[in-house]
Amino acid sequence: GLRLGDGRMFTLTSPPGEDREASYAEFSGRWRRLHERLRRRFGTIEYVAVVEPQLRGAAHVHVVYLGGYIPQQWLSRAAEASGFGRIVDVRSVGSGVASYVTKALTSELTDARLAPPPHFRRVRWSRHWGTCPPKLRRIWPDWHIVTAPPRIAALSAMARGYEIVE
């Protein structure tokens, strides 16, 4: 998706003092409310969002999106009004964003206590994230979204001829 335009990233936290269970239970509703506020204010944005646990276990989300700068002050107010914490980080993304998001995706592989609740969607993306216009269409062999446990995803990838590197 980032090959299609300028990318930016923002990070949202859970409210202070909220525990892990409440944070994950409330996340989907908070995300829907914030996404609607973003759409009303800035129009449709294309994004991919990765949820990971904070040090205290509560969920926070990294959102990589295509589009113009969203003012931090506005985003902070909208996040808080949607149920997230008030602390929001907004920045342009560089070449290291893929490794940063990958780290967020794989954090529970080293510590099972960091894994989100069963059936929780760790990765969310907009309808047209990564959709190329016909003249730019090409095969994207580097990234795949898999909705399976890590062991099954690795076995499936090996069966297709990919090399798995820990």
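The rules behind the values
- Residues numbered from 1 in each chain as written.
- Predicted model: local features only at pLDDT ≥ 70, side-chain atom pairs only at ≥ 80, totals over all residues.
- Heavy atoms only, no water.
- Axes fitted to C-alpha atoms, helices over the stretch in contact; angles between N-to-C directions.
- Helix = DSSP H or I, 4+ residues; strand = E, 2+ residues; numbered from the N terminus.
- Parallel < 35°, antiparallel > 145°, perpendicular 65-115°, else oblique.
- Left-handed = near helix turned anticlockwise from the far one by under 90°.
- Contact = heavy atoms within 4.5 Å.
- Phe/Tyr/Trp six-rings, centres within 6.5 Å; stacked < 30°, edge-to-face > 60°.
- Buried < 20%, exposed > 50% of the residue type's maximum accessible area, 1.4 Å probe, protein only.
- Pairing = 2+ DSSP bridges.
- Polar contact = N/O pair within 3.5 Å; in protein donor to acceptor, adjacent residues only side chain to side chain.
- pLDDT = per-residue confidence, 0-100.
- Core = buried A, V, L, I, M, F, W, Y, C linked by side-chain atoms within 4.5 Å.
- Salt bridge = Lys/Arg side-chain N within 4 Å of Asp/Glu carboxyl O.
- Patch = residues over 30% accessible without salt bridge, like charges linked within 9 Å, V, L, I, M, F, W, Y side chains within 5 Å.
- Areas by Shrake-Rupley, 256 points an atom, 1.4 Å probe, with all protein chains shown as cover.

### What to know about the packing of helix 1 (residues 20-42) against helix 2 (residues 72-82)
- Orientation of helix 1 relative to helix 2, taken along the N-to-C sense of each, is 140°, at an axis distance of 8 Å. Taken together, helix 1 and helix 2 sit at an angle that is classed as oblique. For the element pair helix 1 and helix 2, the recorded crossing hand is right-handed. Touching Arg30, Arg33, Leu34, Arg37, Leu38, Arg41 and Phe42 of helix 1 are Trp74, Leu75, Ala78, Ala79, Ala81 and Ser82, all from helix 2.

### Describing the packing of aromatic side chains
- Here the structure, examined in full by the defined rule, presents four aromatic pairs.
- On the numbers, 5.0 Å between centres and 90° between planes, the contact of phenylalanine 42 with tryptophan 74 is edge-to-face. With phenylalanine 42 in helix 1 and tryptophan 74 in helix 2, this residue pair connects regions lying 32 residues apart in the sequence.
- Judged by its relative accessible area of 16%, tryptophan 74 is buried.

### Some words on the sheet that holds strand 4 (residues 88-92)
- With antiparallel pairing, five strands are arranged side by side in an open sheet as 4-1-3-2-5. Single-partner strands in this sheet number two, and they are strand 4 and strand 5 (123-125). Pairs of neighbouring strands in the sheet enclose a mean axial angle of 15°, with direction left out of account.
- Set on the sheet, helix 1 makes contact with strand 1 (7-12), strand 2 (46-53), strand 3 (59-66) and strand 5; between it and strand 2 the angle comes to about 155°.
- Its contacts with the sheet put helix 2 on strand 1 and strand 4, and the angle it makes with strand 4 is roughly 140°.

### Considering the side chain of glutamate 46
- Position of glutamate 46 among the secondary structure elements: in strand 2.
- Polar contacts involving the side chain of glutamate 46 include one to the side chain of serine 126, which spans 2.5 Å.
- In this view, glutamate 46 contacts Val64, Tyr65, Leu66, Ser126, Arg127, His128 and Trp129; residues no more than four positions away in its chain are not counted.

### Re the confidence of the model for the chain
- Scored by pLDDT, the chain comes out at a mean of 76, with 67% of its residues at no less than 70.
- Looking over the chain, one finds the lowest element-wise mean pLDDT in helix 3 (residues 97-110), namely 59, and the highest in helix 2, namely 94.
- The low-confidence segment residues 132-140, where pLDDT is below 50, has seven contacts with residues more than four positions distant or belonging to other chains.

### Focus on the nonpolar core
- Core analysis: the biggest nonpolar cluster contains 23 residues, and Phe10, Leu12, Trp31, Leu34, Leu38 and Leu75 have the highest contact counts within it.
- When residues of this core are assigned to their parent elements, the largest contribution, five residues, is made by helix 1.
- When sequence neighbours within four positions are dropped, the list of residues in contact with phenylalanine 10 reads Leu38, Val61, His62, Val63, Tyr65, Ile70, Leu75, Val88, Asp89 and Val90.
- Counting seven residues, the second-largest nonpolar core is a separate cluster that includes Val50, Leu66, Val123 and Trp129.

### Overview of the pattern of salt bridges
- In total, this model carries four salt bridges according to the counting rule given.
- In this structure, glutamate 18 engages arginine 30 in a salt bridge whose closest nitrogen and oxygen atoms are separated by 2.5 Å. Of this pair, glutamate 18 sits in the loop between strand 1 and helix 1 while arginine 30 sits in helix 1, and the two are 12 residues apart along the sequence.
- For arginine 30, a relative accessible area of 6% gives the class buried.
- The closest approach of N and O atoms between glutamate 36 and arginine 40, which form a salt bridge, is 3.1 Å. With glutamate 36 and arginine 40 both in helix 1, this residue pair falls four residues apart, about one helical turn.

### A closer look at a nonpolar patch on the surface
- Where nonpolar side chains cluster on the molecular surface, the patch consists of Leu155, Met158, Tyr162 and Ile164 and spans about 360 Å² of accessible area.
- Here methionine 158 shows up in helix 4 (residues 150-159).
- Among the residues examined, methionine 158 registers a relative accessible area of 44% and is labelled partly exposed.

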